[in-house]
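Residue-level listing of the chains:
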Amino acid sequence: MKAKPGDWITIQGHKVGDTERHGRIVDVRGPDGSPPYMVQWGDDPSEHLLFPGSDAVVSRSRPR
């Protein structure tokens, strides 16, 4: 997985009824765009360190 600041990350829900979470990547801590990422989630203005799993998808544009 590769990303750059300004990209968006989506994490799928883990249980039935869970919704997806969407966040904006504000910093990339790994070499060449690899994780971990500092992410600002839509429902929380603070930044969080994320080591994404296989349920994560990075995109260049904001998810709908």
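Residues numbered from 1 in each chain as written. Predicted model: local features only at pLDDT ≥ 70, side-chain atom pairs only at ≥ 80, totals over all residues. Heavy atoms only, no water.

A.B. asks: Explanation requested: the overall build of the protein chain in the structure shown.
C.D. replies: Scanning the protein chain from N- to C-terminus turns up zero helices and five strands. Here the protein chain has a C-alpha radius of gyration of 11 Å; the compact-globule value for 64 residues is 11 Å, and the two agree. For the protein chain, the spread of C-alpha atoms along the three principal axes comes to 35 × 25 × 20 Å. By the burial criterion, 31% of the 64 residues in the protein chain qualify as buried. Expressed as a percentage of contacts within the protein chain between residues at least 6 apart in sequence, the contacts between residues at least 24 apart total 42%. Carbon together with sulfur atoms contributes 50% to the accessible area of the protein chain, which is approximately 4300 Å² in total. (Helix = DSSP H or I, 4+ residues; strand = E, 2+ residues; numbered from the N terminus. Rg over C-alpha atoms; globule rule 2.2 N^0.38 Å. Buried < 20%, exposed > 50% of the residue type's maximum accessible area, 1.4 Å probe, protein only. Contact = heavy atoms within 4.5 Å. Areas by Shrake-Rupley, 256 points an atom, 1.4 Å probe, with all protein chains shown as cover.)

A.B. asks: How should the environment of Glu20 be read in this particular structure?
C.D. replies: The topology assignment puts Glu20 in the loop between strand E1 (8-11) and strand E2 (21-28). When its relative accessible area of 39% is taken as the criterion, Glu20 is described as partly exposed. Once residues lying within four places of it in the same chain are set aside, the contact partners of Glu20 are Thr10, Ile11, Gln12 and Gly13.

A.B. asks: Hey, could you run me through the packing of aromatic side chains in this one?
C.D. replies: Centre distance and the angle of the planes are the two values used to describe a pair of aromatic rings. This structure, assessed with the given rule, holds zero aromatic pairs. Directly above the ring of Trp41 sits Arg21, whose terminal nitrogen or CZ lies 4.3 Å from the centroid. (Phe/Tyr/Trp six-rings, centres within 6.5 Å; stacked < 30°, edge-to-face > 60°. Lys NZ or Arg CZ within 6 Å of the ring centre and 35° of its normal.)

A.B. asks: Any chance you could explain unusual backbone geometry here in plain terms?
C.D. replies: Glycine aside, residues mostly have negative phi angles, and peptide bonds mostly take the trans form. That bond from Pro35 to Pro36 is cis: its omega, 10°, falls within 30 degrees of zero. Counting through the fold element by element, Pro36 comes out in the loop between E2 and strand E3 (37-41). Within the chain, Asp32 stands out as a residue other than glycine whose phi angle is a positive 55°. Counting through the fold element by element, Asp32 comes out in the loop between E2 and E3.

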